[in-house]
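Geometric and topological summary
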Amino acid sequence: MARAGEVDQDTRLGGLYVGSLLREQLWLAARTLTVLALVVGSLPLVLHLAPDLAALRVGPFPVAWLVLGGATYPILVLLAWRYVRRAERNEAAFAELMDEVDR
Amino acid sequence: MISDLPGLPGTGAAPGIVAIVLVTVATLALGTYGLRLSRTTSDFMVASRAVGPRMNAAAVSGEYLSAASFLGAAGLLLAFGAEMLWYPVGWTAGYLVLLVLVAAPLRRSGAYTLPDFAEARLGSRAVRRTCALLVVAIGWLYLLPQFQGAGITLASAVGGPGWLGPVVVAVVVLVNVTAGGMRSITLVQAFQYWLKLTALLVPAAVLLVVWWGDGRPGDPASTAATTAWSVPLADGGAQGLYLTYSLIAATFLGTMGLPHVVVRFYTNPDGRAARRTTLLVLVLLGVFYLLPPVYAGLARVYAPGLADSGSDGLVLELPGLVVPGLGGDVLTGMVVGGAFAAFLSTSSGLAIAVAGVLSQDVFTRPFRGTRLSGVAGFRAGAVVAVVVPAGVALTGSGAGVATTVGLAFAVAASTFCPLLVLGIWWRGLTPAGAIAGLLAGGVGSSAAALVTLYTPASDGWSDVLLRQPAAWSAPLALLVMVGVSLATRRTVPAHTNRLMVRLHTPEAVVLDRG
């Protein structure tokens, strides 16, 4: 179990540690949301600029339906899975750092 | 067969009645079982925070998949085409936004409800009261269409009078919530996710087999009409683009601000479990939302007329139209039961969230020297939380189901979303800034919706901006919050640093979390 004396005593050093964890996590969140905006959020704009894409079909199914109604969900799950792994890794690194500082 | 309704050719009310009775009995039985486990106030409100990610994810999904998801999505897809795919996509993507921005810190804040979070973060009774008011407002806005939908479903599926649906749902929800609180509801919600998935998946699979056996017939409409139907973008050029993006903003950002969603995160044992729960929720919702487009597509082939005659009944009517005889009756019973489960689970979750806030901020405060105990206060809160919107639904007023749900999302995106995001990630937020932002976003988005509901529609930009306010009202709330906070910089609460540490430090690090 890591302890966190520096953080608890609200020292400058403790503030720096928490500040860097917070920035790391925020940066990770921003990256994930940017990918979401680029991959999913850009669809309306693309179709607005290139309306012919909507006529494309795979067999009897319109491509727009397959992409938005089907492919989006695995992409969302993948993004979430990647985020959870990296967020937990950031936290593990922080816990390890606290452990070393207190020893 | 009791009667042959015009809406259900070839089937009667019997399968629907059987299904509704079965779902109600199962719900009450599970709720009673939970009652034996619920003893303390903490049990009632957050299931003593001992719910694992798998159970909690099924419960979150079961609670979240309302009538709008079970019936509304397929109906909207049939009537308006692919632009409506943004509803299910947005309802799912909202959880990704929630995951990366608020899930773990929100759990670590250690608060029971949204007003608890606001007070802990900002140390202000005024912010707390503003949030309590908003939770009740959004909760009632979201409960009203559930009761209305129940009335429509019961009337169309079993031919009962219009008041029957709201009354049955209200009574079952009240019995469950007042008897067992969150512990029993968690079990009921998790069960109802799997019930709803099965009730939609099995008929869809049978219908697909029938469609395959019929030689995979295509869309009978003209190619041009089919192309227009398959564009996931609202009509009207730039206005359509705005409407689509505003819908995306409301659903992506509004999910984290729905009171019945947020209250579920406090039942996780820690921040890590809160994240894993959210990841599993994305999987469960993704699987479920593959199904509404199947119903819409098959209805396009087999029952194109349904698009004109109130498409909310599509999911209920399609199985009976495609599969004749007993098989059709069984499938119809399944979808009716699933729809009823959708009303029950979403209204139970909302009732818990609203009752939690009412009991903390109204009923357990001292009044003339007496005060209610925690559990009694929660029960009193639950009665008020359910009776008020059920009463409004009985008067028959209110806008359409989809409109009211959309409004709830827009208000949540314009109020609690900026409050949570800034509260968790920005040390500079002040009580004055929070209140100003909540008021700007809340008043802006709800005023826009009221104007839309009570004035005739037009084609101008003003009408478009008011119809889907989230794209401007959410940024407005954020800017006001930041601006006023910067202007009142000296009133940043003294404990801010300490609290930020608690929100972001993993549980593996031992902290003085006092």
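Note that this is a predicted model, so its numbers are computed, not measured.

This paragraph deals with the interface of chain A and chain B. Each side of the interface is counted separately: chain A has 49 residues, and chain B has 54 residues. When chain A packs against chain B, close to 4,500 Å² is buried across both sides, 76% of that on carbon and sulfur atoms. Remark: the boundary between chain A and chain B carries four salt bridges. When the shortest N-O distance is used, the salt bridge between Arg-275 of chain B and Glu-91 of chain A registers 2.7 Å. Summed over the shared surface of chain A and chain B, the result is seven residue pairs in polar contact (both at pLDDT 80 or more). Split into classes, the residues belonging to the side of chain A that touches chain B amount to 35 nonpolar, nine polar and five charged.

All right, on to the environment of Gly-356 of chain B then. Its location among the elements puts Gly-356 of chain B in helix 16 (residues 325-363). Taking the C-alpha atoms as reference, Gly-356 of chain B lies 9.0 Å from Val-263 of chain B; in sequence the two are 93 residues apart.

Summary statistics for chain B give a mean pLDDT of 83 and a share of 87% for residues scoring 70 or more. Across residues 1-11 of chain B the pLDDT falls below 50, and counting only partners more than four positions away or on other chains, this stretch makes 26 contacts in the model.

Another point: the packing of helix 3 (residues 53-64) of chain B against helix 13 (residues 271-288) of chain B. Residues and elements named next belong to chain B. One can describe the packing of helix 3 onto helix 13 by two numbers: an axis separation of 8 Å at closest approach and a directional angle of 50°. The pairing of helix 3 with helix 13 is recorded here as oblique in orientation. Here helix 3 runs over helix 13; the crossing is right-handed. From helix 3, Pro-53, Arg-54, Asn-56, Ala-57, Ala-58, Val-60, Ser-61 and Tyr-64 reach across to helix 13, where they touch Ala-273, Arg-276, Thr-277, Leu-280, Val-281, Leu-284 and Leu-285. Among the residues forming the contact of helix 3 with helix 13, the class breakdown is 10 nonpolar, three polar and two charged.

This part takes up the environment of Ala-376 of chain B. Tracing the chain through its elements places Ala-376 of chain B in helix 17 (residues 374-394). With 17 residues separating them along the chain, Ala-376 of chain B and Ser-359 of chain B place their C-alpha atoms 8.5 Å apart.

With 21 residues, helix 17 of chain B should reach 30 Å at 1.5 Å per residue; the first-to-last C-alpha distance of 30 Å fits that figure. Taken together, the buried positions of helix 17 of chain B are occupied by Val-375, Gly-377, Phe-378, Gly-381, Ala-382, Ala-385, Val-386, Pro-389, Ala-390 and Ala-393 of chain B.

Let us look at the pattern of salt bridges. For side chains of opposite charge, pairing can occur when their charged atoms come near one another. One pass over the full model with this rule turns up 10 salt bridges over all chains. Here Glu-91 of chain A ties to Arg-108 of chain B by a salt bridge, and the two come within 3.1 Å at their closest N and O atoms. Of this pair, Glu-91 of chain A sits in helix 4 (residues 63-102) while Arg-108 of chain B sits in helix 6 (residues 103-108), on two different chains. Both residues of the pair, Glu-91 of chain A and Arg-108 of chain B, count as buried.

So, on to a positive patch on the surface. Residue and element names in this part refer to chain A. On the surface, Arg-31, Arg-85, Arg-86 and Arg-89 cluster together into a positively charged patch. When residues of the positive patch are assigned to their parent elements, the largest contribution, three residues, is made by helix 4. On the secondary structure map, Arg-86 appears in helix 4.

Calculation notes
Residues numbered from 1 in each chain as written. Chains lettered and ligands numbered in written order. Predicted model: local features only at pLDDT ≥ 70, side-chain atom pairs only at ≥ 80, totals over all residues. Heavy atoms only, no water. Contact = heavy atoms within 4.5 Å. Buried area = accessible area lost by both parts, 1.4 Å probe. Salt bridge = Lys/Arg side-chain N within 4 Å of Asp/Glu carboxyl O. Polar contact = N/O pair within 3.5 Å; in protein donor to acceptor, adjacent residues only side chain to side chain. Nonpolar A, V, L, I, M, F, W, Y, C, P; charged D, E, K, R; others polar. Helix = DSSP H or I, 4+ residues; strand = E, 2+ residues; numbered from the N terminus. pLDDT = per-residue confidence, 0-100. Axes fitted to C-alpha atoms, helices over the stretch in contact; angles between N-to-C directions. Parallel < 35°, antiparallel > 145°, perpendicular 65-115°, else oblique. Left-handed = near helix turned anticlockwise from the far one by under 90°. Expected span 1.5 Å × (residues − 1). Buried < 20%, exposed > 50% of the residue type's maximum accessible area, 1.4 Å probe, protein only. Patch = residues over 30% accessible without salt bridge, like charges linked within 9 Å, V, L, I, M, F, W, Y side chains within 5 Å. Areas by Shrake-Rupley, 256 points an atom, 1.4 Å probe, with all protein chains shown as cover. Lys, Arg positive; Asp, Glu negative; His and termini not counted. Charge placed at Lys NZ, Arg CZ, Asp CG, Glu CD.

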